[in-house]
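In case you want the letters, here they are:
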Amino acid sequence: MINRVFNILKTLNIPVEYDFRPSFGSNGMAISYHLFNEGALQYGDGAPTTDGGGLQIDLFVKHNVDHSNVKNQIKQLLISNSFKGVEINTYGEEVDGIGKIDHIIFKANYKE
C-alpha cells in the first residue's frame, strides 16, 4: 500500500514522502502520508478475509499559496482509486525557519 499511495501522489509533481514532511517544492507545497489501523476488516469462518486500514495524507502549503486546485486533485485521486470516506481538515501552523503554513489533512479508508 505504501508504494501504491506514493505512485498515486507523485502524479501531482509535488515533493512526497512516506511518514515525514519533505522540503517544499518550487510551488510552495509538500506532501507526507502514512497508514494506520492496518489489519483485518472482515472475517469468514473465524479467519480474516479482507485487509485494510486508514490513510492520512498531509498537504503542507506555504501561507498565501493557492492550494484549492491541488486539494481537489488529491480528493479526486483518492475517490478514483477506491479510497472511501474521504475527510478533509485544514489548520494553520507556524513552522520554524519557514513561517506560516496551511496544513491540509486528508483521511480515508481502504480495502486491499
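Use the structure listed above.
Residues numbered from 1 in each chain as written. Predicted model: local features only at pLDDT ≥ 70, side-chain atom pairs only at ≥ 80, totals over all residues. Heavy atoms only, no water.

This next bit is on the packing of aromatic side chains. Evaluation of the coordinates by the stated rule reveals 2 aromatic pairs. Measuring from ring centre to ring centre gives 6.2 Å for F83 and Y110, while their planes differ by 65 degrees; the resulting arrangement is edge-to-face. Of the two residues, F83 sits in the loop between α2 (68-80) and β4 (84-95) while Y110 sits in strand β5 (residues 99-111), which places them 27 residues apart along the sequence. (Phe/Tyr/Trp six-rings, centres within 6.5 Å; stacked < 30°, edge-to-face > 60°. Helix = DSSP H or I, 4+ residues; strand = E, 2+ residues; numbered from the N terminus.)

What follows concerns the nonpolar core. Counting 23 residues, the largest nonpolar core has L9, I31, L55, I57, L59, I74 and F83 as its most contacted members. Elements represented by at least two residues in this core include exactly α1 (2-9), β2 (29-44), β3 (47-62), α2 and β5. Residues within four places of I74 in sequence aside, it is in contact with L12, I31, I57, L59 and F106. The next biggest cluster of nonpolar side chains, apart from the first, holds 5 residues, and it includes F24, F60, V95 and I101. (Core = buried A, V, L, I, M, F, W, Y, C linked by side-chain atoms within 4.5 Å. Buried < 20%, exposed > 50% of the residue type's maximum accessible area, 1.4 Å probe, protein only. Contact = heavy atoms within 4.5 Å.)

With that settled, consider the side chain of H103. Here H103 lies in strand β5. Side-chain polar atoms of H103 contact the side chain of E93, separated by 2.5 Å. Residue contacts for H103: discarding those within four places in its chain leaves D58, L59, F60, N89, T90, Y91 and E93. (Polar contact = N/O pair within 3.5 Å; in protein donor to acceptor, adjacent residues only side chain to side chain.)

A separate point is α1. Within the sequence span of α1, burial applies to V5, I8 and L9. Summarising the axial view, the buried residues of α1 lie within an arc of 90 degrees, below the 170-degree limit, and thus occupy one face. (Arc of directions from axis to C-beta.)

Bringing the side chain of H67 into the picture now. By the element assignment, H67 lies in the loop between β3 and α2. H67 sits in the buried class, given a relative accessible area of 14%.

You can see N37 is positioned in strand β2. In this structure, the C-alpha to C-alpha distance between N37 and L55, residues 18 residues apart in sequence, is 8.8 Å. For N37, the residues in contact, after removing those within four places along its chain, are G52, G53 and G54.

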